[in-house]
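Fold and geometry: a report
Residues per chain, in single letters:
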Amino acid sequence: MKGYDNIRLLRAAACLGVFITHLAPYLGVTGRAAWLANQGAAGVYLFFLISGFLAAGDRRLTAGRREIFGYYRNRLLRLLPLYYAVILYNMALHGLLLRDVPSDPKGLYWLRYFFLTNAVLPAPDNFWGNLSATWTISLFAAFYLLAPFFVRLIRGVGSAFFAYALALLLRYLWTAAGLSDYMMIFYYLHFFLLGILVRQIAGRQRLAPRLLLFGAAMAAIAAVLWLTGTRPDSFLLYSWAFGAIVLLTLKLRCSARGVLLADAYSYEIYLVHAVVLEGIGLLRAHIAIPAAVVLILAVGLTAAGAFLAKKAEGLLKKGEIL
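Attention in this report is confined to the structure presented alongside it. (Residues numbered from 1 in each chain as written. Predicted model: local features only at pLDDT ≥ 70, side-chain atom pairs only at ≥ 80, totals over all residues. Heavy atoms only, no water.)

1. Notes on the side chain of Thr134
The residue Thr134 is located in the loop between helix H6 (126–129) and helix H7 (137–153) in this model. In this view, Thr134 contacts Tyr83, Val86, Ile87, Tyr113 and Leu271; residues no more than four positions away in its chain are not counted. (Helix = DSSP H or I, 4+ residues; strand = E, 2+ residues; numbered from the N terminus. Contact = heavy atoms within 4.5 Å.)

2. Observations regarding the environment of Ala119
Along the polypeptide, Ala119 turns up in the loop between helix H5 (111–114) and H6. Each residue touching Ala119, except ones within four places of it in the same chain, is listed here: Ser138, Leu139, Met183, Met184 and Ile185.

3. Description of the packing of aromatic side chains
According to the stated counting rule, one finds 31 aromatic pairs in the structure shown. Taken together, a centroid distance of 5.5 Å and an interplanar angle of 90° make the contact between Tyr109 and Trp128 edge-to-face. Taken together, the positions of Tyr109 in the loop between helix H4 (65–97) and H5 and Trp128 in helix H6 put the pair 19 residues apart, joining distant regions of the chain. Across from the ring centre of Tyr187, 4.4 Å away, lies the NZ or CZ of Arg171, which sits over that ring. (Phe/Tyr/Trp six-rings, centres within 6.5 Å; stacked < 30°, edge-to-face > 60°. Lys NZ or Arg CZ within 6 Å of the ring centre and 35° of its normal.)

4. Brief notes about unusual backbone geometry
Note: most peptide bonds trans; most residues except glycine with negative phi. Unlike most non-glycine residues, Arg99 shows phi in positive territory, near 50°. Tracing the backbone through its elements, the reader meets Arg99 in the loop between H4 and H5.

5. A short note on the layout of surface pockets
Its boundaries defined by the atoms lining it, the largest pocket holds a volume of some 790 Å³. Lining the largest pocket we find 29 residues, and of these Arg11, Leu54, Arg75, Arg78 and Tyr144 sit closest to its centre. Counting only elements with at least two residues in the lining of the largest pocket, the list comes to helix H3 (43–56), H4, H7, helix H9 (184–202), helix H12 (257–264), helix H13 (266–284) and helix H14 (291–317). For the lining of the largest pocket, a count of residues per class yields 14 nonpolar, 4 polar and 11 charged. Of the volumes computed, that of the second largest pocket is approximately 320 Å³. (1 Å grid on protein atoms, 1.4 Å probe; cavity = no way out; pocket = protein on both sides within 12 Å on 5 of 7 lines; lining within 4 Å. Points joined across faces, edges and corners; volume = space filled by probe spheres on them. Nonpolar A, V, L, I, M, F, W, Y, C, P; charged D, E, K, R; others polar.)

6. Some words on the nonpolar core
A general trend in soluble globular proteins is that nonpolar side chains are found buried together. Of all hydrophobic cores here, the largest spans 84 residues; its most connected members are Phe48, Tyr164 and Leu193. A total of 13 residues in this core trace back to one element, the largest contributor, which is H9. If we skip the residues at most four places from it in the chain, Tyr164 touches His190, Leu193, Leu194, Leu197, Met218, Ile221, Leu236 and Trp240. By size, the runner-up hydrophobic cluster in this structure holds 9 residues, among which are Phe19, Leu23, Val272 and Ile289. (Core = buried A, V, L, I, M, F, W, Y, C linked by side-chain atoms within 4.5 Å. Buried < 20%, exposed > 50% of the residue type's maximum accessible area, 1.4 Å probe, protein only.)

7. Observations regarding the side chain of Ser266
With respect to the helices, strands and loops of the structure, Ser266 is situated in helix H13. For Ser266, a relative accessible area of 4% gives the class buried. A polar contact is formed between the side chain of Ser266 and the backbone oxygen of Asp263, at a distance of 2.9 Å. Those residues in contact with Ser266 that lie beyond four places of it in its chain are Arg11 and Cys15. (Polar contact = N/O pair within 3.5 Å; in protein donor to acceptor, adjacent residues only side chain to side chain.)

8. Observations regarding the packing of H3 against H7
The relative placement of two packed helices is expressed as an angle between their axes plus a distance between the axes. Across the interface, H3 lies against H7 with an axial gap of 10 Å and an inter-helix angle of 30°. Our pair here, H3 against H7, has a crossing hand that is right-handed. Packed against H3, whose contacting residues are Phe47, Phe48, Ser51, Ala55 and Ala56, the element H7 presents Leu139, Phe140, Phe143, Tyr144, Ala147 and Val151 at the interface. The residue makeup of the contact of H3 with H7, split by class, is 10 nonpolar, 1 polar and no charged. (Axes fitted to C-alpha atoms, helices over the stretch in contact; angles between N-to-C directions. Left-handed = near helix turned anticlockwise from the far one by under 90°.)

9. Here we look at a nonpolar patch on the surface
There is a patch of nonpolar side chains on the surface, built from Phe162, Leu166, Leu169 and Leu173 and spanning about 410 Å² of accessible area. By the secondary structure assignment, Phe162 is in helix H8 (residues 157–176). For Phe162, a relative accessible area of 54% gives the class exposed. (Patch = residues over 30% accessible without salt bridge, like charges linked within 9 Å, V, L, I, M, F, W, Y side chains within 5 Å. Areas by Shrake-Rupley, 256 points an atom, 1.4 Å probe, with all protein chains shown as cover. Salt bridge = Lys/Arg side-chain N within 4 Å of Asp/Glu carboxyl O.)

10. Thoughts on the packing of H3 against H9
Contact geometry of H3 with H9 gives a least axis separation of 7 Å together with a crossing angle of 50°. What the angle tells us is that H3 and H9 run oblique. H3 and H9 meet at a crossing whose hand is right-handed. In this structure, H3 uses Tyr45, Phe48, Leu49, Ser51, Gly52, Phe53, Leu54, Ala55 and Ala56 to contact H9, whose residues at the interface are Tyr188, Phe191, Phe192, Leu194, Gly195, Ile196, Val198, Arg199 and Ala202. Considered class by class, the residues forming the contact of H3 with H9 number 14 nonpolar, 3 polar and 1 charged. (Parallel < 35°, antiparallel > 145°, perpendicular 65-115°, else oblique.)

11. Some details on the state of the cysteines
What the rule picks out here adds up to 0 disulfides. No disulfide involves Cys15; its sulfur sits 15 Å from that of Cys254, the nearest cysteine. The class of Cys15 is buried, set by a relative accessible area of 6%. Since its relative accessible area comes to 16%, Cys254 is described here as buried. (Disulfide = S-S within 2.5 Å.)

12. Some thoughts on helix H11 (residues 234–248)
Between its terminal C-alpha atoms H11 stretches 21 Å, which fits the 21 Å expected from 15 residues at 1.5 Å a residue. Within the sequence span of H11, burial applies to Leu236, Ser239, Trp240, Phe242, Gly243, Val246 and Leu247. Viewed along the axis of H11, the buried residues span an arc of 155°, placing them on a single side of the element. As for H11, its buried residues are in contact with helix H1 (5–23), H3, H8, H9 and helix H10 (207–227). The backbone nitrogen of Phe235 has a side-chain oxygen 2.9 Å away, supplied by the residue at the start of H11, namely Asp233. (Expected span 1.5 Å × (residues − 1). Arc of directions from axis to C-beta.)

Pasting the structure below:
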């Protein structure tokens, strides 16, 4: 992250966008304001892009086996403890307390979450596919596992563009074949590879050539999609805009404490806020809560939960929680 304050700012913005998207329905937001709030969901794809961008600059991935295992350890230790805490919480809430667990035709039930199967197997309903906004975690884990392969394979802008184009082609072919429920990683891999492409372009010294090269690459992709009668979805277009923003802001310097805190706690906020909002939803089923109180509870409890989660993560790294 050294020298990339723009990534800190964008990661904080992505976290805020996802939070607003999930919070808006609880505040009764409607009309254009609701549409605007829903655009915050694009923050997920910005997270994917940032993951690729940072992986492409991680020297451990081009070093020896020991360094690669160190990368895996650090990434998974960052990703999985809080994720499993959320899953165990949901098991206690829905499995033991509420007893409202829907049937799973494939019989995997909670094993879906314990083995991060959502990246490769379809889920029968939202309960088994996105409990407490966790659908992306299996994808992040898959990206991290694949990162050494792609970083070693991609050695320049040309190979990065080729890999990105192939991933985008795979997405559309896989969907056209009616297989999009399986191997969800095929549908989202191009966001991660776009981050690697942006990192390769970022290595060029001057801003204008960087932007021209990126613009030409995306224009070529858009032309192919247009010629084949394929209409890019809004999140694909957002990802191109995010790539351009990363390149535009490479020299940005940001020391705002609020931004740095939001970035440092971005993953904790990402998972904790969904649990908090679901709890508020359960509470509202029994008592009326004004929108202003919902906002205060959502922000306050998310902040407290994120702080405690971060504290527990620090203790875990020190070996004090095992």
